[in-house]
Every structure is written in structure tokens, then in C-alpha cells.
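Next come the chains, spelled out residue by residue.
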Amino acid sequence: MELFEILTSAAFWAAAIRIASPLIFATMGELICERAGVLNLGIEGIMVAGAFAGWIAVWAGMPLWGGVSVAFMVGMGLGGIHSILSVPFGLSQHVVGIGLTLLATSATFYTYRVMLPEVSTPPKIDAFQPFPIPILSDIPFFGPALFQQTALTYLAFILVGVVSFTLYRTPLGLAVRAAGESPAAVAAQGLSVTAIRMGAVMVGSGCMAVGGAFLTMSAFDSFFFDMVNGRGWICIALVVFGAWRPGKALFGAILFAAFDALQIRLQQTGIGAVVPYQVFLMMPYILSILALIAMSRRAEVPAALMVPFNKGER
Amino acid sequence: MSGVDSAQPVLRLQNITKRFGPVTANEAVTFDLAKGEVIALLGENGAGKTTLMNILFGQYTADEGQVSVFGKPLPPGNPRAALDAGVGMVHQHFTLAGNLTVWENIVLGAQPLHAPRLRAGAAKAKIRALSEEFQLKVDPDAKISALTVGERQRVEILKALYRDARILILDEPTAVLTPQETDALFATLRKAIDLGLSIVFISHKLHEVMAISNRVLVLRHGKLVAERATLDTDRAELSALMVGAETSAPELSRATPGAPLLSLAQLSTPPIGTAPGLRKIDLTLRAGQITGLAGVSGNGQAALSDLISGLVSPQSGTFEIAGSPVTGWTPRTAIAQGIARIPEDRHKTGTIADFDLTENTILETYATQFSKRGWMNWRGAKAHAEALIKTYDVRCSGPDARIRLLSGGNMQKLILGRVLENAPRIILANQPVRGLDIGAVNYVHGRLAAARDAGAAVLLISEDLDEIMRLSDVIHVISDGRLSPEFARGTMQPEQLGVWMAGDGFEGENHAA
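Residues numbered from 1 in each chain as written. Chains lettered and ligands numbered in written order. Predicted model: local features only at pLDDT ≥ 70, side-chain atom pairs only at ≥ 80, totals over all residues. Heavy atoms only, no water.

1. Concerning the overall build of chain B
Step number 1: Check the secondary structure of chain B and you find 17 helices and 25 strands.
Step number 2: Judged by the C-alpha coordinates and their principal axes, chain B covers about 70 × 55 × 50 Å.
Step number 3: Here the analysis covers contacts within chain B between residues at least 6 apart in sequence; of these, 68% occur between residues at least 24 apart.
Step number 4: Total accessible area computed for chain B in this model is approximately 22100 Å², and 51% of it derives from carbon and sulfur atoms.
Step number 5: Mean positive and mean negative side-chain charge positions of chain B (52 and 54 charges, respectively) differ by 6 Å. (Helix = DSSP H or I, 4+ residues; strand = E, 2+ residues; numbered from the N terminus. Contact = heavy atoms within 4.5 Å. Areas by Shrake-Rupley, 256 points an atom, 1.4 Å probe, with all protein chains shown as cover. Lys, Arg positive; Asp, Glu negative; His and termini not counted. Charge placed at Lys NZ, Arg CZ, Asp CG, Glu CD.)

2. Topic: a nonpolar patch on the surface
Step number 1: A cluster of nonpolar side chains, Val279, Met282, Ile286, Ile289, Leu290 and Ile293 of chain A, forms an exposed patch at the surface whose accessible area comes to about 540 Å².
Step number 2: Residue position: Ile289 of chain A is located in helix α14 (residues 277-295). (Patch = residues over 30% accessible without salt bridge, like charges linked within 9 Å, V, L, I, M, F, W, Y side chains within 5 Å. Salt bridge = Lys/Arg side-chain N within 4 Å of Asp/Glu carboxyl O.)

3. Some words on the packing of helix α12 (residues 246-267) of chain A against α14 of chain A
Residues and elements named next belong to chain A.
Step number 1: In contact at an axis separation of 9 Å, α12 and α14 are set at 165° when each is read in the N-to-C sense. Here α14 runs roughly antiparallel to α12, going by the angle between their axes. Crossing handedness for the pair α12 and α14: right-handed. In this structure, α12 contributes Phe256, Phe259, Asp260, Leu262, Gln263, Leu266 and Gln267 to the contact, and α14 contributes Tyr277, Phe280, Leu281, Met283, Pro284, Tyr285, Leu287 and Ser288.
Step number 2: Among the residues forming the contact of α12 with α14, the class breakdown is 11 nonpolar, 3 polar and 1 charged. (Axes fitted to C-alpha atoms, helices over the stretch in contact; angles between N-to-C directions. Parallel < 35°, antiparallel > 145°, perpendicular 65-115°, else oblique. Left-handed = near helix turned anticlockwise from the far one by under 90°. Nonpolar A, V, L, I, M, F, W, Y, C, P; charged D, E, K, R; others polar.)

4. Observations regarding the domain arrangement of chain B
Residue and element names in this part refer to chain B.
Step number 1: Domain boundaries assigned for chain B yield domain 1 (5-243), domain 2 (260-338 + 424-506) and domain 3 (354-418).
Step number 2: Relative placement of domain 1 and domain 3: their C-alpha centres are 35 Å apart.
Step number 3: With 5 residues of domain 1 at the contact, the number on the domain 3 side is 4 residues.
Step number 4: Of the roughly 310 Å² buried at the junction of domain 1 and domain 3 (both faces included), carbon and sulfur atoms supply 66%.
Step number 5: Between the two partners, domain 1 and domain 3, sit 0 residue pairs in polar contact (both at pLDDT 80 or more).
Step number 6: Here the side of domain 1 that touches domain 3 is composed, by residue class, of 2 nonpolar, 3 polar and no charged. (Domains from an automatic or database assignment. Buried area = accessible area lost by both parts, 1.4 Å probe. Polar contact = N/O pair within 3.5 Å; in protein donor to acceptor, adjacent residues only side chain to side chain.)

5. Concerning the packing of aromatic side chains
Residue and element names in this part refer to chain A.
Step number 1: For the coordinates displayed, the defined rule picks out 19 aromatic pairs over all chains.
Step number 2: Relative to Phe128, the ring of Trp65 has its centre 5.0 Å away and its plane inclined at 70°; by these criteria the two rings are edge-to-face. Pair noted here: Trp65 is in helix α4 (residues 64-86) and Phe128 is in the loop between α5 (93-115) and α6 (142-146), with a separation of 63 residues, a long-range link.
Step number 3: With relative accessibility at 43%, the residue Trp65 sits in the partly exposed group.
Step number 4: On the basis of relative accessibility, which here comes to 7%, the residue Phe128 falls in the buried class.
Step number 5: Ring centres 5.8 Å apart and planes at 40° place the aromatic pair Tyr112 and Phe223 in the tilted group. Here Tyr112 is found in helix α5, whereas its partner Phe223 is found in the loop between α10 (193-219) and α11 (231-241), with 111 residues between them in sequence.
Step number 6: By relative accessible area, Tyr112 is classed as buried at 4%.
Step number 7: With a relative accessible area of 2%, Phe223 lands in the buried category. (Phe/Tyr/Trp six-rings, centres within 6.5 Å; stacked < 30°, edge-to-face > 60°. Buried < 20%, exposed > 50% of the residue type's maximum accessible area, 1.4 Å probe, protein only.)

6. Topic: the sheet that holds strand β15 (residues 324-325) of chain B
All names here are of chain B.
Step number 1: Pairing is antiparallel in the open sheet, where 4 strands are placed in the order β12-β11-β14-β15. Either end of the sheet is taken by a strand with one partner, and the two such strands are β12 (281-286) and β15.
Step number 2: The pairing of strand β14 (residues 316-321) with β15 spans 2 bridges and is antiparallel. Note on β15: the bridge partner recorded for Ile321 is Ser324.
Step number 3: Strands β11 (260-268), β12 and β14 of the sheet are contacted by helix α9 (residues 301-309), whose axis makes an angle of about 125° with β11. (Pairing = 2+ DSSP bridges.)

7. Looking at the interface of chain A and chain B
Step number 1: Listed per partner, the contact involves 26 residues of chain A and 35 residues of chain B.
Step number 2: Buried surface at the junction of chain A and chain B, both sides included, amounts to about 2600 Å², of which 59% is carbon and sulfur.
Step number 3: Joining chain A to chain B, the criterion identifies 1 salt bridge.
Step number 4: Close ionic contact of Arg177 of chain A with Glu104 of chain B constitutes a salt bridge, the shortest N to O distance being 3.0 Å.
Step number 5: Along the contact surface separating chain A from chain B lie 7 residue pairs in polar contact (both at pLDDT 80 or more).
Step number 6: When residues of the side of chain A that touches chain B are traced back to their parent elements, those giving at least two are α7 (151-169), α8 (171-181) and α9 (183-188) of chain A.
Step number 7: Considering only residue class, the side of chain A that touches chain B consists of 14 nonpolar, 5 polar and 7 charged.

8. Some details on α7 of chain A
All names here are of chain A.
Step number 1: With 19 residues, α7 ought to run about 27 Å at 1.5 Å a step, and its terminal C-alpha atoms sit 26 Å apart, in line with that.
Step number 2: Within α7, burial applies to Leu152, Thr153, Tyr154, Ala156, Leu159, Val160, Val163 and Leu167.
Step number 3: For α7, the elements touching its buried residues are α2 (10-35), α4, α6, α8, α10 and α12. (Expected span 1.5 Å × (residues − 1).)

9. Observations regarding the sheet that holds strand β9 (residues 215-220) of chain B
All names here are of chain B.
Step number 1: As summarised here, the arrangement of the 6 strands in space is β6-β7-β8-β3-β9-β10, forming an open sheet in which the pairing is mixed. The outermost strands of the open sheet, each flanked by one partner alone, are β6 (87-90) and β10 (223-229). For this sheet, the mean inter-axis angle between neighbouring strands, taken without regard to orientation, is 20°.
Step number 2: On the sheet, helix α5 (residues 149-162) packs against β6 and β7 (167-171) and is oriented at approximately 170° with respect to β6.

Here it is, written out as C-alpha cells:
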């Protein structure tokens, strides 16, 4: 049976983990924003900007980790725009987010043209290479599947741990969660809801941008306009799928990536000759929707998500 | 109470003035609070009590004036400074995150944000010690959403005590408590006073004010109008000071009831959730008569009011309005039949919070009276709202104000105006004075009595037996969906009604009185 062979091959799972990595970064970023009470629909545009920024920085001569930092900073800056409009000004988070996606995407394309006016194919960079972890990578099956990835993929997994620990085990994380549940409670305890929410949106946006940068700096070694291709929107769904919990969201990201890796392989099998390939392309999305329905029925949405907080209003 | 040290003011408010647009919520309020003292801040809804305390706690910024704690001025608009100075506030609407646990809510903001770890164990130990000392029993690991209202209030108090508050501000703390919980709260507060804390207690319940305070400050229309030592005053005086002039409950004149306007016979409705439906009830509402419906909440009142409002249809039995059977019963037909509704929950079903007063006054009549060929007549609607605001003495900044800015009493006056202005035949008044202060209660009752004298049939649903007995011409008791026979005014003692309320007296499905 072909399906069984695919699912038990280490190469398949290695691909799934690789496909999941940008989703993990961006999903953690969105999760941080939403836990603080801000829906960040700028995610798609921020990922595009991050993908470009990291790549162009390396192309211009910076080291790879320098490129990742540049992507993170660009994400923070775009998140800053979002947070000023959505937090102290209290504007509609839908409008701000979609506007930011359009702005960031267009600004990226514009900058690309300004910086590379005469190229027809974008230049390549020396991207992150797989870094087999000593000893662990020698474990049969798990080694090739998990421990022969690039450094950015390991960072994605570390990020999940850091986000989880911060949210549940530190005073800062408690303040972020409370800001998403009851901003009035945060204000009554003498903390600034504005500062907490703005900080969360900026850091979260930075993570999204690194997710974008993964595409140009690790998954591939160049930048194309339609590279992000809706991954940001998938991450919004993954946050819901994960019931706003980092661990569950990680699981969701890997599940989605596994479907994606699976459909590519299924296209090359016997059924791929009969069924049009577009049906396979739809598969991860259809399965995501079904999983979303199954998983998120009883999820506890942050009570103050999308509710602006104005101090002193009654 | 002993231990008041007036030589040592712990809190001083000087000349506090706060305006919301054209409305002045507080005007030049000045007072001192001494160590170990309990001040009661008394005033009607909308008198500015909550605003004043929110300024003191730094949630609002005063336009003028100065707050000092232990002799040091507080920076305005900074709750953190107030907390650090030892001011703790128990808000009327709790500021708790429902999805977090008790200890998380308490610790929030108390440990520095840059600390690497939450110190959960130490926090819970401190909370347990405080619970023990102040008799505030609560499980630190419980989620807020699983707690009763009384328990949530204990968490609010613990939040203040956890941060070593020396001055406690309690905003209408007893409004949501049962009598037993109120007693427990008072025990806690006495314990706090013994330990040298000072308290500002906001209320409009006079007997509580008399029971707990050393000194009473009366606030009216944002101004401090009187100050009394509690020992030198009494409830009658305070009541008069609070309302401004003596207001009294309306006297019902004797009236001969008119024709039956609404009759139900052997009527049943399906249950609503866990609350029972109506079970074969007989009820007649007559013109020029107030029918009181007594009973413990959740015994079918909701079913009856939904039925009359048109939200549910009868399952069986007959339902007649002015002698003709009803068909196709919906809220729209109910309004067309001249049924006016004062809903039980004025926030949820009575008004749309973010609509302005004009829009809220025409919710039922916009299509019939304020539009022409599909276009809204906003000018007419606004004039109508302005007239209502004036006639019904609604205190607000104008017809363009969002209704959520109004106090409960003023909101209810507007609803009353909306309802009575169309000269309804039948008025369904479901808990019309819940949460209102004396002045507003008397006003609403007076208006209902006037509507009855003008020939309307009024159904008054209330859990307050005093209210029912004072205002009703005839009384029914509802219990588990069953309706008692009609008792004429003055024929029943509260104890006798209590027997029916407890469900005794009903024999099988027959009324054997």
C-alpha cells in the first residue's frame, strides 16, 4: 500500500517538519497577539516583508543570523504600526490588519524593484543548510525525520517552548493572558493594558516575519512575489485549531504540513494519474477545515479578543 | 466602632471636579478619611459616587482637584500609584478575568513583569493566610468563571489585601449579595477595621450604612450636600438628604376595574431551559387595575412575560385580548395590540447599549411613526426623544448620548417613557424597579399607578413582596408554573402569600383556596 509506505518514511516526515517550520513561527506570533486581545490580520503582509527583508539583508552582505534579525526588526516595525492603530487608537482590528497586509505586501514589492531594478530572476543567497545534531541525528527514523533540519527549524521548536513557558510561568505571560481576557482587570491591578498589548503585537509580528524569512533563507534561497501564498491565513486558523495554546498549535502546524507533504507525494502515485492535481492541492485545506470544526468547538476564545480598551471610558 | 483616630487622616480629597462632556459628575468634592474609620458614601444612582471613587483610584483623571494618601499627593490617572500608596478598590462590576484562576487574578501585577518566574507557591500560601485571617473562604486554584458572585467578591477583596491595602474602597458591595453573604462581608470589614484599615463604603441601602459606618457623606448630583456622624442621624433623615426632597410612595386610589383586556384560560407553555413553563393557568387583566404577580424567581414568571410579549405561543388553552382570541402571536402583533413591555433586563432586552437615546426611544415605533415611504424621519424622532427626556426627567447629556452612559434609573425612566407614551392598553412591567434607588422607585411606581388610573391594565411582576402588596389591586402567586387564584388588595398577609409562594395551597391541578 503506497499510503502506508509514504507515512512510514523518514523523508516524508522530514519534509513535513520543514514545511511546518514557517507556520510554527507565524502561528506563535499570531498566538501571542491574540492572547493579548489583538487579532493581527497583518500576518500575511508581515510574512512577505520578513521573507524579503531577511533575504535582501543576506544578499547585501550580512550573515544569515543578521538577516534573521533584520526580518524580526522589520516585523516589529510593522507590528508597531498595527499596534498604534489598534491599541491606543482602538481602530477596528480587521481593517487595520487587512490594511497592513496590503501595505506591507506592496511596500515589499516596491522596495524589491527599487533595489533590484534590472533583474529578471532574483539572485540567490547561501541559505541555511541542514545541521545534523550529533548523536540524535543517528537515531533510526527519528534522526533523519527530526534532527537533520536547518538551524531555523530547531529555533521554531525552541520558540514554542519559550512562548509556552512565558505565557504560563512568568508574570509577564500572566499579564498578557489577562489583557486578552479582561483588560479592565489588568488596569485595575495597576498595569498598562496599552503597553502590554502593544508589546505583544510587536513581538508577535517579529515572529511572523521570521516565519516569512524561513521561506527565503531556509526552505529556499531566493525571493519570489507569491512565496508566502496564504500561509499567514493558515496560521490564523491554526491558532484557533490550537485553542490558543502553543503546544496544540504546534501539533496543528505539523498536521497541516503533513497533509501538504502527503498531497505532493500522492500526486505521483497511481491515483495521481486519475484525479486532477488541483484536488490534491485542495486536500490540506479541506482537511484543515474539518480538523478545525472537530477541534475548536469547545475552545476558550480570549474573552477580550478584538475588544479595544479605553481607559476611563464607562 | 472604636479605633478611629481623626488626628491622622489617611486619605484626603480636595475639590474634586469631573465632567463627562456637558454632564458634571463631581463638583468640588472635599473630604478626609481617618485611620480606622468607615465612611459611607450615600447617594442615588447617578449621583457620582462611582465616578468619585474611580478618580480616587486613578481610573479616571479629575478635571480639577487633588487626592492625597497618607499626606502625599497621588499622581492623577494612575491606578498603580494608588495601589502602591495602599488604596485597594472593590469594583461594583468585578474586574476579574473569568478564564484565569483565583490566584492568577490576585497575583496579576503584584509581581514585577520582568521577574523570570511566577512564584505560584508563595502567592497561594499568602492568599490562604489572608483568607484565614479575614474569613474570606475561597480556593486559590479555582477558576473565576466557576465561582459564585459572593466568592468573586471575596477574590476582589483579597486582591486589595494581597497588595497590603490600608484603605479599602467598596463600591456597592452588597448589591449582588444574599443577606447571609452580606453579614459575612460585614464581619470581614469589621476585622479589617480592627487591624487599622480605613474604609469607604458606597451604598444606597440605608440600613447597611447605619450598621457599618462611623460617618455618612451624602452626594447629590455630584455635590457633597451633607455630612453626618452615623450616631446622630437616622434612616429617615438620610433618605430625605439623599433624594433632596421628601418623596413618598404613591397612594393608590380606590378604583373600579373595567373590562377584561387580556384573559388566559387553562393555558400552558413549554418550559424555558430549567425554568418551568406555565401549567394551565387562568389569568385576567382588567382595565384600570394593577395585577401583582408574586413569587420566587424562576417559577414561571419568564414564561408568562414571554407569552404576553409575544416571544412564545401557547401550547394549549385559550388566549384572548379584549374578548377576541389571538392568532399568529408575535412581538409585532403584541405591540400592535397595545401591549407595552418593561423588560426584566433593561441592559439586555430593554435597550441597545451603543445606540443613542433617540434610536432607543423609537425601537418599537420607528416603522409606524417615524418613517415615511421607507425613509426615516430623524428630525421627528429626535424631537420625540427630547420630549420624552423632558417629560420623564431623564438625566443625560441629550438625545445623542449613547444609552450605555446612563445610570440604571435614568435608563429605566427612558424605557418607561417609551412604553407609556403610546398610551398602551396593557402594560407588562417585569421587575420594573430592580436596582433602582428610592427616588427612582417612587417615580416608576407613580407612573404605573397613573397609567392604571388612565385605564391601562398593568401586570406587575416582582420578587419584592412589599412592592407587590403596596401597588397591586389584585395579587396572584406563581409557583412552579402554576397560578394561585386572585386575591383582592388587603385580604392577604405576607405570611399567607409566602405559603403559596412555597408551592403549598395548590391542590393537584385545581385551585382550592
